[in-house]
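Single-letter residue listing:
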Amino acid sequence: MESLNVFAARLWPTENRFVSGHRACQGCGEALAVRMVHSILGRNTMVASATGCMEIISSSYPDTAWSVPWIHVAFENAAAVASGIESGLDILAKKGRLPKRRITVVGMGGDGGTADIGIQALSGAMERGHDMIYICYDNEAYMNTGIQRSSSTPMGASTTTSPAGSLSIGQQTWKKNVPLIVAAHDVPYVATANPSFPFDLAEKVRKAAAARGPAYLHIFSACPTGWRMAPELAIAIGRKAVRTGVAPLYEIVDGRLRITVPTPELQPLRDYLKPQGRFRHLDEKTIAEIEKRVAEEYRKLENREGRKI
Amino acid sequence: METRTGMEASIAIAEAVCLCDADIVAAYPITPQTHIVEHLSELVADGKLHANFVPVESEHSAMSVCCGTSAVGARTYTATASQGLALMHEILFIAPALRLPIVMSVANRSLSGPISIWNDHSDVMAERDIGWVQIFAENAQQALDLTIWAFRLAEDRRVSLPVMVNFDGFILSHTIEPVLMPDKETVQAYLPPFEPLLRLDVDAPVSMGPVGIPDIYTETHHVQQVLLTDAYGPIVETLDAFGKHFGREYKPVETYRADDAEVLLLTMGALGETAMEAVDLRRERGQKVGLLRLRLWRPFPFEDLYRAVGRRPVLGVMDRAISYGGPYGPVASEIKAAFYHREQRPRVVEFVAGLGGRDVPISDFDTMFDALFDTLETGRVPEPRLVGLRE
């Protein structure tokens, strides 16, 4: 994979639908992922965005970073709005009021807008079987509002509402597994992706767009601001997240799981935690406990490989 | 061509939506629903209405789906009531800001707690400031007619705003009444195809619902105020056109035996019909009472109200909800505010009646009329009163 990076510029589509000039922080892994996703999806795409970082940095009136149709309604309803766009386009095409052509409808939100407040709308849209993609850009906390914990914040991370203290390691709970929750809706395509693995991401975006019915992408999105980390480490930390087993890359096609970037020998968790200020307070004992759980979760994933979820 | 038939108001509304050839019905069935969407889902299942029926998982998602469908240019309808309307609250403000001409029926019902599925206007009064056109029907025929009208007005490009048609839960929603059902050709001649002002289009991409920084937020809200206020002209115009086309007239404020009345009572919704009976009985006894029926709630029809009240010294207002700890009746509060700077203004006597399905019989209207005559004689305005309260 690394050797391919030399040729990456020539292999990657030049089309850009999420353009520069937006207001994301330096080193934002999420903005990078959004740009990658939409350079793959191209022009025949409509986006319903949840409130959050990507919405506020891309749409401050009168500017917009979007050169595809884009709508923001509220925080918790991006999946519902996207499902409406899909239903509306479908009936207008059936009634001959719009030309019949394939338009990829995308709902997008952060981890708060997906795993917490938006999970009901997401579950509804997935269950109803709309032909759409929902993308969760997971930066593991409510970054837009000032780094508050979500149910997607990893154990041990210090946030403004799960602060580390003399009686606390920070976040006390294990990260909610949204991809598997969505997979339980028996949708045709679910995958995790990460902009540090661009070709793996591109392949998954193409498969999600090609799937007939609901598809779900869960994209690991490094947040240097919220993770208290140097901006230039965003790509490297994404690689470490995969290599340490923290954020494994897999896909579930028609219910069957496949790890797309296998990591038989997990690297030490410390390599991933150390550059990030949000984990700086963790002592060796806690790190060892978290590392043990990460390894267990990774083995569980390996055991699921090839089997029906 | 129209057919005279007997029909529950909810079914009549669903048939109207079908005649309007709605593209999308997105609705949640409980909290509490009516037969409107059940019947619409049957019409879709039987191929009588060519629409996508989106059975969402909540009213919050119902209104969110409606925003998405309307944004791509689909004629969009939903219905709700009570807790469901309250759950929609957040998104209700956003639909008019996006200029989305969604049509929604609200079978007005009380809000919890205690939990109650019965009729009053607590639900709609909590949604006063959402920026929608809001109108009230008094019977099944009006509910049917105003549903057809609502699509015409909402989609008028001068307006392009969502419209809420209020009709009383149970009193109307579950009651069978005679209605004149127009045929499809007549409706189509009144309601042109939907040509949206703005829509999501891959050939002409727009961003809808951007961030409004303090530099522009004030201006966007000024625009909403101007738009909704200026919708008054198209409202009267399209109601007049409805009258000419279907033979049934509707006005922002309607009256009953008000011309020579000494005291007036103002009602909204279905209880206006009981009030008419009560007026007739009083008139038989030679007492000059009259009725104002406030049909248009937003934009508020100030001039129609002033004309209808004229120089009469006493106006009773019957509310169907309470503004707790505040000015008591939400409608009365607005009526008083509307007259505050007028030199010619009536004494306003406030009543609240029919909360949570409590019957409002003729005798309650008699209580109200007695109070109005008392004010006429003494000039004294009593404290706001909860009519029918068991103490």
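Thresholds applied
Residues numbered from 1 in each chain as written. Chains lettered and ligands numbered in written order. Predicted model: local features only at pLDDT ≥ 70, side-chain atom pairs only at ≥ 80, totals over all residues. Heavy atoms only, no water. Helix = DSSP H or I, 4+ residues; strand = E, 2+ residues; numbered from the N terminus. Rg over C-alpha atoms; globule rule 2.2 N^0.38 Å. Buried < 20%, exposed > 50% of the residue type's maximum accessible area, 1.4 Å probe, protein only. Contact = heavy atoms within 4.5 Å. Areas by Shrake-Rupley, 256 points an atom, 1.4 Å probe, with all protein chains shown as cover. Lys, Arg positive; Asp, Glu negative; His and termini not counted. Charge placed at Lys NZ, Arg CZ, Asp CG, Glu CD. Domains from an automatic or database assignment. Buried area = accessible area lost by both parts, 1.4 Å probe. Salt bridge = Lys/Arg side-chain N within 4 Å of Asp/Glu carboxyl O. Polar contact = N/O pair within 3.5 Å; in protein donor to acceptor, adjacent residues only side chain to side chain. Pairing = 2+ DSSP bridges. Disulfide = S-S within 2.5 Å. Axes fitted to C-alpha atoms, helices over the stretch in contact; angles between N-to-C directions. Expected span 1.5 Å × (residues − 1). Arc of directions from axis to C-beta.

(A) Examining the overall build of chain A more closely. Helix and strand counts for chain A come out as eleven helices and ten strands. Against the compact-globule benchmark of 19 Å for 309 residues, chain A has a radius of gyration of 19 Å, which places it among compact chains. Burial statistics for chain A: of 309 residues in total, 57% are counted as buried. Partitioning the contacts of chain A with sequence separation of at least 6, the portion at a separation of at least 24 is 71%. Here chain A displays about 12,500 Å² of accessible surface, and carbon together with sulfur accounts for 54% of that area. Across chain A, the centroid of the 37 positively charged side chains sits 4 Å from that of the 30 negatively charged ones.

(B) Main features of the domain arrangement of chain B. All names here are of chain B. Each assigned domain of chain B is listed with its residue range as follows: domain 1 (2-246) and domain 2 (253-386). A C-alpha centroid distance of 28 Å is found between domain 1 and domain 2. Each partner contributes to the interface: domain 1 provides 27 residues, whereas domain 2 provides 26 residues. Both faces combined, the contact of domain 1 with domain 2 buries some 2,100 Å², and carbon together with sulfur accounts for 58% of it. Scanning the region where domain 1 abuts domain 2 turns up four salt bridges. In this structure, the salt-bridge partner of R128 is E334, at a minimum N-O distance of 3.3 Å. Along the contact surface separating domain 1 from domain 2 lie 16 residue pairs in polar contact (both at pLDDT 80 or more). Mapped by element, the contributors of at least two residues to the side of domain 1 that touches domain 2 are α6 (122-125), β6 (133-136), α7 (140-155), α9 (214-230) and α10 (232-246).

(C) Here's a closer look at the pairing of strand β7 (residues 189-193) of chain A. Residues and elements named next belong to chain A. Burial analysis of β7 places five of its five residues in the buried class, the great majority of the element. Of the two faces of β7, the one carrying Y189, A191 and A193 and the one carrying V190 and T192 are both buried. Where β7 meets strand β8 (residues 215-220), five bridges bridge the pair, whose relative direction is parallel. Each bridged residue has a counterpart across the sheet, and for Y189 the counterpart in β8 is A215.

(D) Representation of the sheet that holds β8 of chain A. Pairing within the open sheet is mixed, and its nine strands lie in the order β10(A)-β9(A)-β7(A)-β8(A)-β4(A)-β3(A)-β1(A)-β2(A)-β9(B). Only two strands of the sheet have a single neighbouring strand rather than two, namely β10 (256-259) of chain A together with β9 (207-208) of chain B. In terms of strand pairing, strand β2 (residues 70-72) of chain A meets β9 of chain B through two bridges, oriented parallel. Across the sheet, residue W70 of chain A finds its bridge partner in β9 of chain B, namely S207 of chain B.

(E) Representation of the state of the cysteines in the model. Taken as a whole and assessed by the stated rule, the structure comprises zero disulfides over all chains. Cysteine C223 of chain A shares no disulfide, and the gap to the nearest cysteine sulfur, in C53 of chain A, comes to 6.3 Å. What makes C223 of chain A buried here is its relative accessible area of 10%. This cysteine, C20 of chain B, is not joined by any disulfide, and C18 of chain B carries the nearest cysteine sulfur, 9.2 Å off. In this structure C20 of chain B comes out as buried when scored by relative accessible area, which is 1%.

(F) Representation of the side chain of D319 of chain B in the model. Residues and elements named next belong to chain B. Take D319: it is sitting in strand β14 (residues 314-319). Among buried Asp, Glu, Lys and Arg side chains, D319 stands out as unpaired, with R320 the closest opposite charge at 8.4 Å. A polar contact is formed between the side chain of D319 and the backbone nitrogen of V331, at a distance of 2.8 Å. At 2.9 Å, the side chain of D319 and the backbone nitrogen of A332 are in polar contact.

(G) A look at unusual backbone geometry. Cis geometry marks the peptide bond from G113 of chain B to P114 of chain B; its omega dihedral reads -5°. The linkage connecting R298 of chain B with the following residue, P299 of chain B, adopts the cis geometry, with an omega of -5°. Positive phi outside glycine occurs at D254 of chain A, with the angle close to 45°. We note that S82 of chain B has phi near 50°; this positive angle belongs to a residue other than glycine. Structurally, the position occupied by S82 of chain B is in helix α4 (residues 82-92).

(H) Representation of the interface of chain B and chain A in the model. Across the boundary between the two partners, chain B contributes 42 residues, which contact 43 residues of chain A. Summed over both sides, the interface of chain B with chain A buries roughly 3,200 Å², with 60% coming from carbon and sulfur. When the buried area of chain B at its contact with chain A is split by residue, E57, V202 and V211 of chain B rank highest and sum to 19% of it. Across the chain B-chain A interface, the total number found is six salt bridges.

(I) Layout of the sheet that holds β14 of chain B. Residue and element names in this part refer to chain B. Pairing within the open sheet is mixed, and its six strands lie in the order β10-β12-β11-β14-β15-β16. A strand with exactly one partner marks an edge of an open sheet, and here the two such strands are β10 (253-256) and β16 (385-386). Relative to strand β15 (residues 347-352), β14 is paired through six bridges, and the arrangement is parallel. Of the residues in β15, the one forming a bridge with V314 is R347. Running at roughly 165° to strand β12 (residues 289-294), helix α11 (residues 271-284) makes contact with β10, β11 (263-267), β12 and β14 of the sheet. Where helix α12 (residues 302-309) meets the sheet, its contacts fall on β10, β11, β12 and β14, and the angle it forms with β10 comes to roughly 20°.

(J) Representation of the pattern of salt bridges within the structure. Enumeration over the complete set of coordinates arrives at 45 salt bridges over all chains. A salt bridge links R257 of chain B to D280 of chain B, with the shortest nitrogen-to-oxygen separation between them at 2.8 Å. Remark: D280 of chain B occurs in helix α11 and R257 of chain B occurs in the loop between β10 and β11; sequence separation between them is 23 residues. A residue is classified by how much of its surface remains accessible, and R257 of chain B, at 40% relative accessible area, is partly exposed. Put simply, K95 and R97 of chain A together with D21 and D23 of chain B are held in one network by salt bridges that share partners.

(K) Looking closely at α9 of chain B. Residues and elements named next belong to chain B. In this model, α9 (17 residues) spans 25 Å end to end at C-alpha, consistent with the 24 Å of a helix rising 1.5 Å per residue. Here α9 has its buried residues at I216, Q224, L227 and L228. Viewed along the axis of α9, the buried residues span an arc of 110°, placing them on a single side of the element. Away from its buried face, by an angle of more than 90 degrees, α9 presents the exposed residues P214, D215, T218, H222, Q225 and D230. The elements touched by buried residues of α9 are α5 (94-97), β6, α10 and β13 (296-298).

(L) The pairing of strand β4 (residues 133-138) of chain A, seen in detail. Residue and element names in this part refer to chain A. Of all six residues in β4, six are buried, a share of seventy percent or more. In β4, alternate side chains face the same way, and those of I133, I135 and Y137 on one face and Y134, C136 and D138 on the other are all buried. As paired strands, strand β3 (residues 104-110) and β4 are joined by five bridges and run parallel to one another. Across the sheet, residue G109 finds its bridge partner in β4, namely C136. Two elements, β4 and β8, share six bridges in a ladder whose sense is parallel. Paired with I135 across the strands is L217, a residue of β8.

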